[in-house]
Amino acid sequence: MEYKIGLIHGDGIGPEIVHEAKKVLDAVCKKYGHTLIYSTLLLGGASIEAYGVPLTNETVDHAKECDAVLMGSIGGDPETSPWYQLESSKRPEVGLLGIRKALNLFANLRPVYLYDELRAACPLREEIIGDGFDIMIMRELTGGLYFGEKKTTEVDAVRTAIDTLTYNEHEIRRIAKRGFDIAMKRRRKITSIDKANVLDSSRLWRAVVEEVAKYYPEVQLEHMLVDNCAMQMVKNPAQFDVILTENMFGDILSDEASILTGSIGMLPSASLNETKFGLYEPSHGSAPNIAGQNIANPIAAILSAAMMLRYSLDLDTEADAVENAVKKTLANGYRTVDIMSDGCRQTVTSKMGDLIVSYLVEGEHKNAK
Ligand code: NAD
């Protein structure tokens, strides 16, 4: 099959890690007989350098013509980069929010997976970690409190601020459907998170999720209050498969969950719209402090590419192959500096990409250093 892929190399370590992700994509496509046609899109600092703005209509139009977009992180060091001297509407991050909005990317997916080899980096006790955990957090990304009407006024000479938490049933239904579809590709369990004991928006959330669940009889649905979920995440993370939740709860819970995996350099993400299209990017930023040194961990970008294969291109076997190659590389003791531990072999960004490719291509690695 042939697919059109947009590549946003990004800023800082972005170009280095996207280079490695592309290496792995090329290898998996060669192995399984697919063709990816790449085009380069500019966003963030790179777009400011070229056009004076962090996002152009051309980038949005170009992205819309692609089956998926793979992105490195964008942004510079806010203390030293001239991009942060620009007026706030022209700074790099505005480009990212702009493209998410322009492409209607309402569903954010963040897998939270503990690699056995990185257990020591997990802050939980051994008996809680048990056999590990594999959670998919599915967060609504374009509605709720962050996008509702807001204002700060004076009421009887007292400064008063209002934020509005609004969801309509269509917004809830579309993210719930996405969540159930993804649960069908996993262990078929959804924990829907809300605060239905006090919030109307949560009661509607719960009702609509129940309606959608009727179309997915194979998926087990449970509801959990967000405060309980925050506790359960550190008490028994293995109980979760897909966590489905609204924007702000998802924001907080996904950060709590990410620390359980040990390193930000390992965490991929996907943002999807109503079609198969998705924007795939590592959860970390552009790490300007280590840019250009060939020491960044490319695994979050490589795993983002695997998510792209799975969710936008429906290439599950190919996605599995990439994820297994990452596991084998870690199991054989290779580590970039951010995940280095005693007894392991430290390697650099480009070498980590090569190792993952070699495990992918040959099933086993001949190139031990
Ligand atoms: P960051 O995630 O870039 O870096 C935080 C720390 O983690 C740094 O010490 C960095 O060296 C390290 N780190 C991050 N990714 C790594 C990797 N792959 N391998 C090894 N170490 C890694 O966060 P920050 O420093 O707060 O932000 C830097 C820039 O990134 C800012 O301009 C910020 O706005 C931007 N940012 C972009 C995105 C995005 O593109 N989605 C997300 C977050 C931050």
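A brief structural summary. In this text, all values refer to a predicted model and were calculated from it rather than measured experimentally.

Right, let's talk about the pairing of strand 11 (residues 268–272) for a bit. Judged by how many residues are buried, strand 11 sits mostly within the fold: five of five residues are covered. Judged by which residues are buried, strand 11 turns out to be covered on both faces: Pro-268, Ala-270 and Leu-272 on one side and Ser-269 and Ser-271 on the other are all buried. Summarising the sheet, strand 4 (residues 107–113) and strand 11 pair through three bridges and their orientation is antiparallel. Following the sheet pairing, Ala-107 is matched in strand 11 by Leu-272. As defined by bridge partners, strand 11 adjoins strand 12 (residues 278–282) across five bridges and the pair is classed as antiparallel. Across the sheet, Leu-272 pairs through a bridge with Gly-278, a residue of strand 12. Following strand 11, the chain reverses through five residues before pairing antiparallel with strand 12.

On to the environment of Thr-336. Within the element layout of this structure, Thr-336 appears in the loop between strand 13 (334–335) and strand 14 (345–346). Once residues within four sequence positions are removed from consideration, Thr-336 is found in contact with Ile-295, Ala-296, Asn-297, Pro-298, Thr-347, Val-348 and Met-352. A distance of 3.4 Å separates polar atoms of two side chains, one belonging to Thr-336 and the other to Asn-297. In terms of polar contacts, Thr-336 uses its side chain to reach the side chain of Asp-338, at 2.7 Å.

Applying the stated criterion across every chain yields a total of three aromatic pairs. Aromatic pair Tyr-113 and Tyr-115: ring centres 4.7 Å apart, planes at 85 degrees, arrangement edge-to-face. Judged by relative accessible area, Tyr-113 falls into the partly exposed class, the value being 28%. We classify Tyr-115 as buried; its relative accessible area is 7%. Seen from the ring of Phe-106, Arg-174 lies directly overhead, with NZ or CZ sitting 4.1 Å from the centre.

Moving on, we come to the environment of Leu-124. Along the polypeptide, Leu-124 turns up in the loop between strand 4 and helix 5 (126–129). Relative accessible area serves as the criterion here: at 13%, Leu-124 is assigned to the buried category. In this structure the C-alpha to C-alpha distance between Leu-124 and Lys-235, which are 111 residues apart in sequence, comes to 8.6 Å. Setting aside residues up to four positions removed in sequence, Leu-124 forms contacts with Ile-129, Phe-133, Met-233, Val-234, Pro-237 and Leu-260.

On to helix 6 (residues 169–184), then. The terminal C-alpha atoms of helix 6 lie 22 Å apart, and with 16 residues this matches the ideal 22 Å at 1.5 Å per residue to within 8%. Within the span of helix 6, buried status applies to Glu-171, Ile-172, Arg-174, Ile-175, Ala-176, Arg-178, Gly-179, Phe-180, Ile-182 and Ala-183.

Another aspect to go through is the site of the ligand. Around the ligand there are 22 residues in total, and Gly-76, Glu-93, Gly-285, Ala-287 and Asn-297 lie nearest to it. Backbone polar atom of Gly-76 to an oxygen atom of the ligand: 2.6 Å apart, as the coordinates give it. Tyr-84 has a polar side-chain atom sitting 3.0 Å from an oxygen atom of the ligand. Relative to its unbound accessible surface of 810 Å², the ligand loses 69% to contact with the protein. Its residues placed into classes, the shell around the ligand shows 10 nonpolar, nine polar and three charged.

What counts as what
- Residues numbered from 1 in each chain as written.
- Predicted model: local features only at pLDDT ≥ 70, side-chain atom pairs only at ≥ 80, totals over all residues.
- Heavy atoms only, no water.
- Buried < 20%, exposed > 50% of the residue type's maximum accessible area, 1.4 Å probe, protein only.
- Helix = DSSP H or I, 4+ residues; strand = E, 2+ residues; numbered from the N terminus.
- Pairing = 2+ DSSP bridges.
- Contact = heavy atoms within 4.5 Å.
- Polar contact = N/O pair within 3.5 Å; in protein donor to acceptor, adjacent residues only side chain to side chain.
- Phe/Tyr/Trp six-rings, centres within 6.5 Å; stacked < 30°, edge-to-face > 60°.
- Lys NZ or Arg CZ within 6 Å of the ring centre and 35° of its normal.
- Expected span 1.5 Å × (residues − 1).
- Near = heavy atom within 4 Å.
- Areas by Shrake-Rupley, 256 points an atom, 1.4 Å probe, with all protein chains shown as cover.
- Nonpolar A, V, L, I, M, F, W, Y, C, P; charged D, E, K, R; others polar.

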